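Architecture at a glance
One-letter residues, chain by chain:
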Amino acid sequence: MKQAASALAAEAVDMLGEQPVAPGTLVVGLIGPGNNGGDGLYALAQLEDQGYATAALQCGPSVHSDALSVYESAGGRIAPYSQDNQPLANATLIIDALYGLGYRSGAELPRIPRGSRVLACDLPSGLNPETGVADDKVLLAERTVTFGAMKSGLLTGDGPLVTGDITVVPLDFDFTGQAPRTNLIDKQAALQLLDAHRSWRDAGRHKYQRGVLGLIAGSSLYPGAAQLTARAAVNCGVGLLRTHVPEDIAPLLAVAVPETVPLDDDQIREALSSARRYVHGRGAKISSWAIGPGLDSRTPPTGAIAEVFASRQPAVIDASGLELVPAGPSEQPRVLTPHAKELRMLLRRAGVTVTIEEITADPIRWTRWAALSYNAVVLLKGPTNYIVAPDGSSLVVSHTAPQLATAGSGDVLTGILGYLLSDSSLTGVNGVQTVSNRRMMELAACAAVIHGEAGRAAAACGTVNASRLIELLPGIMKRFGF
Ligand SMILES: NC(=O)C1=CN([C@@H]2O[C@H](COP(=O)(O)OP(=O)(O)OC[C@H]3O[C@@H](n4cnc5c(N)ncnc54)[C@H](O)[C@@H]3O)[C@@H](O)[C@H]2O)[C@H](O)CC1
């Protein structure tokens, strides 16, 4: 705590930029009831020692008692917070040491004069540490000193609007056993996650050992979506792509994606049954599935598709495929990739009523509900991607680009993730049947990062559309070690 306080005090001195201390300078700490308040009091004590005038305002029922003794010994005084506190009106700098990680939506937040300079201790109070959703009365910070590790809420949602400049202060204590349940996956983290299972032996695989993706997609209503997903998987480098599309659009697909091999109902059944007789190392007829882009949900799925849903083979399920997924938990390792409206539909089918506004306000919470209800990894798509496993742990990907909000871009994401799920070097030697939910969640986050990277690269060169993303994929996959 003292280490955190020293970093906080140093940042305050840097913000004030005055040595010796200018007359009239006053640093006011808003002190909450927990450890965040303790950090604030220790920091104020250090500032007192350096000759600054300080004042502490108690904003909860209690304060950290050891920190208060140190602050009072340094000459500081604490008073209860009230809306017309004189010190707040006179403050040169306010240290927000109210809640930090402990903030929960709806907690009481003090009012501070407009235009106050605020240094946030760990996180601005009023900001959800996981989701980055900010309360209307959030204490807008000019700078934030955050301890131990970056928090997802600082970088996602409203976070970047309310945190100011962020300094991460590594602390010398062991975080084992208190790992945050939400982690950010940036480009560097994705590279590491993708590299984790690779071996030099991977270079010697034949196409069936590399991984075979089965794609069930398309309809006369949406003929293009199947093409986009297929082209994305092929450009990522899939060993073999098998496609099950309605007869009337199959010739179109064969021309647009000559690499793909058609897959009929009997062949689906054969692939599923050979997967049950799976022999280690021989390669799979189909190793994973991508289901949904461009399906017409008004047409009932064939029996073969229902058998895929009932299988233990990993699948990414998107778009209209989400309407076909049986409600309730499944044993198939799945990543469901809804946008907010589709998530509302999934939740409704699981007996949970929620509005899109509620989902947008607390995306991780509602994605968790769906992950638990369906026993599946759920990737909620949008400006930020939230990926949640059935155990409640979650990953956040904000490595995206606003230009990705374009027709067919989600179909490309499905192709990328389908490819990652099929690649045996990422999921285990052909034995993708055993892939864990944890690994499915990691691969889903990596797919979102690759998709974001494609969006950023496309935007840097001009306008963005789904076909452009696909064209860029081979180069981007190379950057990610493929
Ligand atoms: N030619 C066709 O057949 C087409 C069929 N379509 C049908 O629509 C679905 C999928 O639609 P898609 O347009 O890909 O939308 P998704 O919601 O699945 O994915 C959107 C994609 O964009 C990202 N995103 C959204 N908002 C933002 C934002 N503000 N900033 C950054 N990124 C954002 C989001 O994360 C997703 O990755 C398809 O299956 C067919 O049934 C389409 O209309 C295309 C043409």
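Thresholds applied
- Residues numbered from 1 in each chain as written.
- Predicted model: local features only at pLDDT ≥ 70, side-chain atom pairs only at ≥ 80, totals over all residues.
- Heavy atoms only, no water.
- Phe/Tyr/Trp six-rings, centres within 6.5 Å; stacked < 30°, edge-to-face > 60°.
- Helix = DSSP H or I, 4+ residues; strand = E, 2+ residues; numbered from the N terminus.
- Buried < 20%, exposed > 50% of the residue type's maximum accessible area, 1.4 Å probe, protein only.
- Domains from an automatic or database assignment.
- Contact = heavy atoms within 4.5 Å.
- Buried area = accessible area lost by both parts, 1.4 Å probe.
- Salt bridge = Lys/Arg side-chain N within 4 Å of Asp/Glu carboxyl O.
- Polar contact = N/O pair within 3.5 Å; in protein donor to acceptor, adjacent residues only side chain to side chain.
- Axes fitted to C-alpha atoms, helices over the stretch in contact; angles between N-to-C directions.
- Parallel < 35°, antiparallel > 145°, perpendicular 65-115°, else oblique.
- Left-handed = near helix turned anticlockwise from the far one by under 90°.
- Nonpolar A, V, L, I, M, F, W, Y, C, P; charged D, E, K, R; others polar.
- Pairing = 2+ DSSP bridges.
- Expected span 1.5 Å × (residues − 1).
- Arc of directions from axis to C-beta.
- 1 Å grid on protein atoms, 1.4 Å probe; cavity = no way out; pocket = protein on both sides within 12 Å on 5 of 7 lines; lining within 4 Å.
- Points joined across faces, edges and corners; volume = space filled by probe spheres on them.
- UniProt positions renumbered as here; feature names shortened; annotations may be inferred.

**A short note on the packing of aromatic side chains**
Counted under the stated rule, the structure contains 3 aromatic pairs. For the pair Tyr419 and Phe482, a centre-to-centre distance of 5.7 Å together with 65° between the ring planes defines the contact as edge-to-face. Of this pair, Tyr419 sits in helix H17 (residues 409-422) while Phe482 sits in the segment after helix H20 (466-479); the two residues are 63 residues apart in sequence, bridging distant segments of the chain. On the accessibility criterion, Tyr419 (4% relative accessible area) is buried.

**Considering the domain arrangement of the protein chain**
In terms of domains, the protein chain is made up of domain 1 (2-180) and domain 2 (191-479). Computed over C-alpha atoms, the centres of domain 1 and domain 2 are 43 Å apart. Domain 1 puts 8 residues into the contact, and the matching count from domain 2 is 10 residues. Carbon and sulfur atoms make up 57% of the area that domain 1 and domain 2 hide from each other, which totals about 560 Å². Of all residues in domain 1, the largest losses of buried area upon contact with domain 2 belong to Glu130, Thr131 and Thr156, amounting jointly to 63% of the total for that side. At the surface where domain 1 touches domain 2, the tally comes to 1 salt bridge. The partner of Glu130 in a salt bridge is Arg368, and the shortest N-O contact between them spans 3.4 Å. At the junction of domain 1 and domain 2, the tally comes to 1 residue pair in polar contact (both at pLDDT 80 or more).

**A closer look at the pattern of salt bridges**
By the definition in use, this model includes 16 salt bridges. Measuring nitrogen to oxygen at the nearest pair gives 2.9 Å for the salt bridge that ties Glu11 to Arg143. Placement of Glu11 in helix H1 (residues 2-16) and of Arg143 in strand E6 (residues 143-147) is noted, with a sequence separation of 132 residues between them. Residue Glu11 shares its accessibility class with Arg143, and that shared class is buried.

**Thoughts on the packing of helix H9 (residues 223-236) against H17**
Here H9 crosses H17 at 40°, and the two axes come no closer than 7 Å. In this view, H9 runs oblique relative to H17, as classed from their interaxial angle. The handedness of the crossing between H9 and H17 comes out as right-handed. Contacts between H9 and H17 involve Ala225, Leu228, Thr229, Ala232, Ala233 and Cys236 from the former and Asp411, Val412, Thr414, Gly415, Ile416 and Tyr419 from the latter. Of the residues in the contact of H9 with H17, the class split is 8 nonpolar, 3 polar and 1 charged.

**Description of the sheet that holds strand E5 (residues 118-121)**
The strand order E3-E2-E1-E4-E5-E6-E7 describes an open sheet built from 7 strands, whose pairing is parallel. Both edges of this open sheet fall to strand E3 (78-80) and strand E7 (165-169), since each of them pairs with a single strand only. Shown here is a sheet whose adjacent strand axes are inclined to one another by a mean of 20°, direction ignored. Judged from the 3 bridges that link them, strand E2 (residues 53-58) and E3 form a sheet pairing that is parallel. Bridged to Leu57 within E3 is Ala79.

**Focus: helix H2 (residues 35-49)**
Taking 1.5 Å of rise per residue, the 15 residues of H2 would be expected to cover 21 Å, and the 21 Å separating its terminal C-alpha atoms lies within 8% of that figure. Counted residue by residue, H2 has 12 buried out of 15 residues, so it is predominantly covered. Remark: Gly51 follows H2 within two positions and exhibits a positive phi of approximately 95°.

**Comments concerning helix H3 (residues 65-73)**
Turning to H3, its buried residues are Ala67, Leu68 and Tyr71. Down the axis of H3, the buried set is contained in an arc of 100°. They therefore lie on one face. Opposite the packed face of H3, turned more than 90 degrees from it, sit the exposed residues Ser65 and Ser73. Buried residues in H3 make contact with H2, E2 and E3. Looking at the residues trailing H3, positive phi occurs at Gly75, about 105°.

**Thoughts on empty space enclosed by the protein**
One way to see where empty space is left: roll a probe the size of a water molecule over the atoms. Applying the stated rule across the entire model yields 1 cavity of 30 Å³ or more. Its boundaries defined by the atoms lining it, the largest cavity holds a volume of some 30 Å³. Taken together, the elements giving at least two residues each to the lining of the largest cavity come down to H9 and helix H10 (250-256). Residues of the lining of the largest cavity, tallied by class, amount to 6 nonpolar, 1 polar and no charged.

**Remarks on the UniProt feature "binding site: AMP" (unreviewed entry) in the protein chain**
Per the UniProt record, the feature "binding site: AMP" (unreviewed entry) sits at Gly410. Tracing the sequence through the fold places Gly410 in helix H17. Residue contacts for Gly410: discarding those within four places in its chain leaves Asp318 and Lys381.

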